[in-house]
Amino acid sequence: MESRNNRYVSGNRYGSPRAPKEEKLEMIFGSRPILEAMLAGKTLEKIFLLRGAKNPTTDEIIAEARRFDVPVVTVPVEKLNNLTRKNHQGAVAFISPISYQPLHEIVTSLFEQGKSPLLLILDRITDVRNFGSIARNAECMGVDAIVIPSRGGAQINADAMKTSAGALNLVPVCREPNLKETIDYLKDYGVQIVACTEKTDANLTDGSLDMVGPTAILMGSEEDGISPEYLKRADAKVRIPLLGQIGSLNVSVATGIILYEAMSQRLRDSGYANLGTFEPR
Ligand SMILES: C[S@@+](CC[C@H](N)C(=O)[O-])C[C@H]1O[C@@H](n2cnc3c(N)ncnc32)[C@H](O)[C@@H]1O
C-alpha cells in the first residue's frame, strides 16, 4: 500500500492516451525544446520520436515521459513529416490544453473537509465528443474529479474541449497509469466502486444503490464496455433498464443518467443544501 500511495502523492503527472486527432493541439518541434518544455512543467499529450534516433536528449525525454506517463511513440520520418511541415528535427510533441491533477490530493482534501467524494472513472472512452459531453455532465452534476487511463482513452483535444462547454477547465481530470491500482487504492480509502454496466441484472431503478457515501462510478468504453478486471473489483454493478431493442445507451447518456441519480440522492440527503452552491451559467 505504501508504494502505491506514494505514487499518488507524487501527483502532477502529465502524459496522454492514444491521440486520434493531434492536429488541433499546439505542437513543439525538436528534442531540446520538448525536453525543456517538460522540465518547465508543461503538460504534454503525446511525444513522437524518430525511430532509431537515440541521443542523450531523447534518453532524457523518455525518462521524463516515463515519470509523468506521457506516451512516447517512435515513428518513421514519414509520420513526422505528416504531422508537420516544419523542421521537426526528429521529434514532435503535443501540448495538452489542460493540466492533469493528482487524484490522491483531491481525495484526501475532500475527506479532510468532511465531504463525500463523487468520482467518475472512464475506462477507455475513445470518442473525443463523448468524452467532452461526459465532462459536461460531470461538471453539471457535482463530480469532484474525472479519472482516465494514461493510455487508451480519448485525447483531450479542441473537439473535446468544445463539447465539454468549458467543463474540462472546471472539473479536475486525473490521469492514472494503471486503473486497476487506482480502483484498489480508492477501495482502500473507503470509496465504493459502482460499475455502470448493461451486463448485470441489478437495475438502477431498484432503489438499493446508495451513492451518498464516497463513490466512484465506473463507465465502460464504447467498444467493449468495462474491462473484466475492473468489473470484478466493483462493489456494486448496476444497469439502467432499457425498454427498446438496442442493447445499450451511448456512454455519455448513460453517464448523465447515473450521475443524475447520484446527484438526486446527495441533494435529498443534504436537504437540498447543496443547491445554494450552484451558480447558473
Ligand atoms: C456503448 S456501451 C458499451 C457497449 C459495448 N458494446 C459492450 O459490449 O459493452 C458503453 C458504456 O455505456 C454504459 N452503458 C450503456 N448502456 C448502459 C445501460 N443500459 N446500463 C448501464 N450502463 C450502460 C456502460 O458503462 C457501457 O460500458
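About the thresholds
Residues numbered from 1 in each chain as written. Predicted model: local features only at pLDDT ≥ 70, side-chain atom pairs only at ≥ 80, totals over all residues. Heavy atoms only, no water. Salt bridge = Lys/Arg side-chain N within 4 Å of Asp/Glu carboxyl O. Helix = DSSP H or I, 4+ residues; strand = E, 2+ residues; numbered from the N terminus. Buried < 20%, exposed > 50% of the residue type's maximum accessible area, 1.4 Å probe, protein only. Axes fitted to C-alpha atoms, helices over the stretch in contact; angles between N-to-C directions. Left-handed = near helix turned anticlockwise from the far one by under 90°. Contact = heavy atoms within 4.5 Å. Nonpolar A, V, L, I, M, F, W, Y, C, P; charged D, E, K, R; others polar. Expected span 1.5 Å × (residues − 1). Polar contact = N/O pair within 3.5 Å; in protein donor to acceptor, adjacent residues only side chain to side chain. Near = heavy atom within 4 Å. Areas by Shrake-Rupley, 256 points an atom, 1.4 Å probe, with all protein chains shown as cover. Parallel < 35°, antiparallel > 145°, perpendicular 65-115°, else oblique. Pairing = 2+ DSSP bridges. UniProt positions renumbered as here; feature names shortened; annotations may be inferred.

**Thoughts on the pattern of salt bridges**
Applying the stated rule across the entire model yields nine salt bridges. Glutamate 229 is the partner of lysine 180 in a salt bridge, and the nearest nitrogen-oxygen pair spans 3.8 Å. Remark: glutamate 229 occurs in helix H9 (residues 228-231) and lysine 180 occurs in helix H8 (residues 179-188); sequence separation between them is 49 residues. Residue classification places lysine 180 among the partly exposed positions, given a relative accessible area of 29%. We note a salt bridge from aspartate 235 to lysine 187, for which the minimum N-O separation is 3.2 Å. A residue pair is termed long-range when its members are at least 10 positions apart, and aspartate 235 in the loop between H9 and strand E10 (236-238) and lysine 187 in helix H8 qualify at 48 residues. Using a relative accessible area of 45% as the deciding quantity, one classes aspartate 235 as partly exposed. Looking at lysine 187, the relative accessible area reads 30%, which means it is partly exposed. One network of salt bridges, in which partners are shared, links Asp123, Arg124 and Asp224.

**Description of the packing of helix H2 (residues 31-39) against helix H3 (residues 56-67)**
Following both chains from N to C, one finds H2 and H3 inclined at 30 degrees, their axes separated by 9 Å at the closest point. When the axes of H2 and H3 are compared, the crossing they make is left-handed. Of the residues in H3, those touching H2 at Ser31, Arg32, Ile34, Leu35, Met38 and Leu39 are Thr57, Thr58, Glu60, Ile61, Glu64 and Ala65. Partitioned by chemical class, the residues of the contact of H2 with H3 number six nonpolar, three polar and three charged.

**Digging into helix H6 (residues 128-140)**
Between its first and last C-alpha atoms H6 spans 18 Å; for 13 residues at 1.5 Å apiece the expected length is 18 Å, and the two agree. Residues of H6 that are buried make contact with strand E5 (118-122), strand E6 (145-149), helix H7 (158-163) and helix H10 (251-269). For H6, the side-chain oxygen to backbone nitrogen distance between the N-cap and arginine 129 is 2.8 Å, and the N-cap itself is aspartate 127. Following H6 by one or two positions, glycine 142 adopts a phi angle in the positive range, close to 80 degrees.

**Observations concerning the site of the ligand**
Taken together, 20 residues lie near the ligand, and Cys196, Lys199, Gly220, Ile240 and Leu249 sit nearest. The separation between an oxygen atom of the ligand and a polar main-chain atom of cysteine 196 is 2.6 Å. Measuring from a nitrogen atom of the ligand, one finds a backbone N or O atom of glutamate 223 at 3.3 Å. In isolation the ligand exposes 570 Å². Once the protein is present, 87% of that is buried. Residues of the shell around the ligand, tallied by class, amount to nine nonpolar, five polar and six charged.

**With respect to the packing of helix H5 (residues 103-112) against H8**
Remark: H5 packs on H8, axes separated minimally by 12 Å, with the N-to-C direction vectors making an angle of 15 degrees. For the element pair H5 / H8, the angle class is roughly parallel. Where H5 crosses over H8, the two elements pack in a sense that is right-handed. Contact residues: Leu103, His104 and Val107 in H5; Thr182, Tyr185 and Leu186 in H8.

**A word on the sheet that holds strand E9 (residues 215-219)**
Spatial strand order, E7-E6-E5-E9-E8-E10: six strands in an open sheet with parallel pairing. Strands with a single pairing partner mark the edges of an open sheet, and in this sheet they are strand E7 (173-176) and E10. Strand-to-strand twist of the sheet, defined as the mean angle between neighbouring strand axes without regard to direction, takes the value 25 degrees. With five bridges joining them, strand E8 (residues 192-196) and E9 adopt parallel strand pairing. Paired with cysteine 196 across the bridge in E9 is methionine 219. Each of E5, E6 and E7 is contacted by H5, which is oriented at about 130 degrees to E7, the strand it contacts most.

**Examining the environment of aspartate 210**
Relative to the assigned elements, aspartate 210 resides in the loop between E8 and E9. On a C-alpha basis, the gap between aspartate 210 and alanine 160 in space is 31 Å, while along the polypeptide they are 50 residues apart. Leave out the neighbours within four places in its chain, and aspartate 210 touches Gln192, Thr215 and Gln265. Only 2.9 Å separates the side chain of aspartate 210 from the backbone nitrogen of valine 212, close enough to count as a polar contact.

**Thoughts on the UniProt feature "domain: RNA 2-O ribose methyltransferase substrate binding" (unreviewed entry) in the protein chain**
What UniProt calls "domain: RNA 2-O ribose methyltransferase substrate binding" (unreviewed entry) maps, in this numbering, to residues 27-101. The span residues 27-101 carries 37% helix and 25% strand; its end-to-end C-alpha distance comes to 22 Å.

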